[in-house]
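Given next are the chains, with one letter for each unit.
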Amino acid sequence: MAFSEQELIKIKEKLPRGYSKTLAQKFDITPKSIGRILKGTQNNEDVVLAALFLAEEHQQRISQAKEKLTPASL
């Protein structure tokens, strides 16, 4: 089942800078192909799932960094 445009937008919003190059290297495709997949003009569920995992990892690192910066932990 293909991902909706809204789902792809939500994933892209949470991805770190340089994600297309990272994913392109992992799947041995071009960054432009990554862009087309995450715009929904091409379909590759493996790439979308990897992007989702990368986005989740990135968001988790941001949350952990913010926790370290709270007044209680300083």
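Some thoughts on helix α3 (residues 31-39)
Then comes step 1: Residues of α3 that are buried include every one of Ser33, Ile34, Ile37 and Leu38, and no others. Down the axis of α3, the smallest arc covering the buried residues is 130°, so these residues share one side. Counted as exposed and oriented over 90 degrees from the buried face of α3: Lys32 and Lys39.
Then comes step 2: At its buried positions, α3 is contacted by α1 (5-14), α2 (19-27) and α4 (45-68).
Then comes step 3: Looking at the residues trailing α3, positive phi occurs at glycine 40, about 90°.

Details of the side chain of histidine 58
Then comes step 1: Its location among the elements puts histidine 58 in helix α4.
Then comes step 2: Those residues in contact with histidine 58 that lie beyond four places of it in its chain are Lys14, Leu15 and Pro16.

Considering the environment of proline 31
Then comes step 1: Secondary-structure assignment places proline 31 in helix α3.
Then comes step 2: Among the residues examined, proline 31 registers a relative accessible area of 40% and is labelled partly exposed.
Then comes step 3: Each C-alpha atom, one on proline 31 and one on lysine 21, is 5.4 Å from the other, the two residues being 10 residues apart in sequence.
Then comes step 4: When neighbours within four sequence positions are excluded, proline 31 is seen to be in contact with Ser20, Lys21 and Ala24.

Rules behind the numbers
Residues numbered from 1 in each chain as written. Predicted model: local features only at pLDDT ≥ 70, side-chain atom pairs only at ≥ 80, totals over all residues. Heavy atoms only, no water. Buried < 20%, exposed > 50% of the residue type's maximum accessible area, 1.4 Å probe, protein only. Helix = DSSP H or I, 4+ residues; strand = E, 2+ residues; numbered from the N terminus. Arc of directions from axis to C-beta. Contact = heavy atoms within 4.5 Å.

Scope: geometric values only; no functional claims are made or implied.
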